[in-house]
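Understanding the architecture of this molecule
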Amino acid sequence: MKRPVGIAIVIFCIAIIFLSASRTELANPNHADTHGCPSNDTGLKLPGGFCATVFADGIGYARHMAVAPEGVVYVNTWSGRYYANKPPHEGGFLVALQDTTGSGKANVIQRFGETPQMGGAGGVGIALYKNALYAEINDRIAKYPLTSGSIAGATGKGITVLSGLPLTGDHPMHPFIIDSRGELYVDVATATNSCQPRNRVPQSPGNVPCTELKTRGGIWRYDANKTDQVFSTAGRYATGIRNAEGLAFDDNLFFATQHGRDQLYANWRQFYRPDQEATLPAEELLLLKQGGDYGWPECYYDSFVQKLVLAPEYGGNGKRIGVCAQKIEPVAAFPAHWAPNGMVHYSKTQFPDRYRNGVFIAFHGSWDRAPYRQGGYNVVFQPLSGAHASGSCEVFADGFAGPRESPQGAAHRPTGLAVGPDGALYVSDDVTGRIYRITYMGGPFDSSTITPCPSLTAPAGEVVAAAANPPEGTHPNAGRELASLPVPSGATHAMVVLGEKIYRSEVGGVTCTGCHGDNAKGSPLGPDLTDHTWVWSNGTYVGIERTITRGVPRPKNYRNPMPPMRGQLTPDQLKAVAAYVWSLSHRSQ
């Protein structure tokens, strides 16, 4: 039977239009980024055909997320020492976000759970199980039943599932995951960098045995169906894990990320070069097994030799393997100090096929690479084939930090990941409380648009502080800043100039900028040195020198101890950097 001529012409025109559109997509893989996005307002760099929107913003220090089957995004927000004890937002620390308009942005935002007025400080871990939201709050994991007709749970403390989780030391967070049977796996990260009796102090050997491992440094298993469980030494599932913030299941396989230890060169200069502070050790992706030992504190992963290597606190010298030959090595490794904070397995079909067998990992970004260029501040995809990596990772989303990739300068820092029922990938940021939503809008995927991860054996590069700004500055008055600084009594201008070079790691090899920032304005790891508030001294030249010499083993407002500089710097260098810090804090007085 013949079609009418008019209908044939219409079909022909539609075919031509469709073919033209397809050819346009193939010729320009970013076509959807500029024409298909409801709002291209993120500034993110993505592979061709992907689109990102700001789903929500300003919701607090957003950490991990969970997405309900109907698409409601739940976020746990945090406060405390990780954020310089700044006042938290009003209302509960749990946030429910919903897009009822299809715009790619949440138009419904509801807070619930425990509030600051109730003594709450928020948390990191969050999961959905059996019509309830489970969330970490202070030292507990509580559940909030979700009822039909409301996207939020009740305001209050919730129903206690597990209590007594340790909150002291370097890593007081407790990410967790719940499997389909209700087994609740909780990361209880370490209190120290490498199990030293004096945390992060140069030349301090590690405890033997490391008694910290009784209650820290591993994964514990509980039952999400039970209430009022109490954390104890029993229930340990795996050990030797410094900080496993990212947890994910791939079918019956259980994966975790591991934050590598810090300060190899800073604390053990006889064994390491200055640039190795920035290139060792690697971050890790682990395949978790019950009873498995992944090496901390005795071992770290050296991507240059592709083995677990004995830590200097336990007799290592940067080369020895020792007991590390009996530990479980990672499935994959990533550049040093990138800080893997969140992970999710992608099993949906909205993204191209290449992303359906592997995990996305959110890297919060480094601080311990200073004075070299920092790294991370991105979302990476690691392909997997069963229990093994099936290729090198790729940088999937970048540009969160903006022009300054550093703890104090980053505009946004990725920390949590979740996948929606429609296949969208959500990314949380704990700087401004932004939630990103990433979808695929393109046609056939163009693999030429992907960005491979940097080589694990790439050199540290140039010292950023020395290369970033020329001595003469970029405007007529820039070179006069040091000359205009005041000089404390008992010091000279030459000492202030030397102190600035020490601060920026051009002399002495210390890494002040890692915690206090390249502009000395502070970061989540260390205070603002240009302020006039003093916690450990009276702010005098002598008092500042004493604090730098002795260090700060137990900070009052920040999570990282400051190691003593006696032995790290000469007496003259100590006086010089103290003079520089005094000058910074007195220049506006």
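Notes on the structure in this doc start here. (Residues numbered from 1 in each chain as written. Predicted model: local features only at pLDDT ≥ 70, side-chain atom pairs only at ≥ 80, totals over all residues. Heavy atoms only, no water.)

**Overview of the packing of helix α9 (residues 541–550) against helix α10 (residues 571–586)**
Here is the rule we go by: Orientation is described by lines fitted to C-alpha atoms, with helices fitted over the stretch in contact, and by angles between N-to-C directions that extend from 0 to 180 degrees. Where helices and strands are cited, they refer to DSSP runs of H or I of at least four residues and of E of at least two residues respectively, numbered from the N terminus. Just so you know how the angles are binned, under 35 degrees is roughly parallel, over 145 roughly antiparallel, 65 to 115 roughly perpendicular, and the rest oblique. Left-handed is the label given to a crossing in which the near helix is rotated counterclockwise from the far helix by less than a right angle, and right-handed is the label when the rotation is clockwise. What makes two residues a contact is simply this: any of their non-hydrogen atoms within 4.5 Å. Residues were grouped as follows: Ala, Val, Leu, Ile, Met, Phe, Trp, Tyr, Cys and Pro as nonpolar; Asp, Glu, Lys and Arg as charged; and all remaining residues, including Gly, as polar.
Relative orientation of the contacting elements α9 and α10 amounts to 125°, with a least axis distance of 9 Å. Of the possible angle classes, the one that applies to α9 and α10 is oblique. The chirality of how α9 crosses α10 is right-handed. Only Leu574, Lys575, Val577, Ala578, Ala579, Val581 and Trp582 of α10 make contact with α9, whose side of the interface consists of Tyr541, Ile544, Glu545, Ile548 and Thr549. Residue classes in the contact of α9 with α10 are distributed as 9 nonpolar, 1 polar and 2 charged.

**Examining the state of the cysteines**
Note the following rule: In what follows, a disulfide is any cysteine sulfur pair within 2.5 Å. Per-residue accessibility, obtained with a 1.4 Å probe over protein chains only, is compared with the maximum for each type, and a residue is labelled buried under 20%, exposed over 50%, and partly exposed between these values.
A full pass over the atoms with the stated rule returns 3 disulfides. Linked covalently through their sulfurs, cysteine 195 and cysteine 210 form a disulfide whose S-S length is 2.0 Å. The sign of the S-S torsion, about 105°, decides the handedness of the disulfide formed by cysteine 195 and cysteine 210: right-handed. Highlighted residues: cysteine 195 in the loop between β11 (183–188) and β12 (218–223) and cysteine 210 in the loop between β11 and β12, separated in sequence by 15 residues. Note on cysteine connectivity: cysteine 299 is disulfide-linked to cysteine 324, with sulfurs 2.1 Å apart. Negative torsions about the S-S bond denote left-handed disulfides, and the value of about -100° found for cysteine 299 with cysteine 324 makes this one left-handed. Remark: cysteine 324 occurs in the loop between β19 (307–310) and β20 (332–334) and cysteine 299 occurs in strand β18 (residues 299–302); sequence separation between them is 25 residues. With no disulfide partner, cysteine 512 has as its closest neighbouring cysteine sulfur the one in cysteine 515, 9.0 Å distant. For cysteine 512, a relative accessible area of 18% translates into the label buried. A residue is classified by how much of its surface remains accessible, and cysteine 515, at 15% relative accessible area, is buried.

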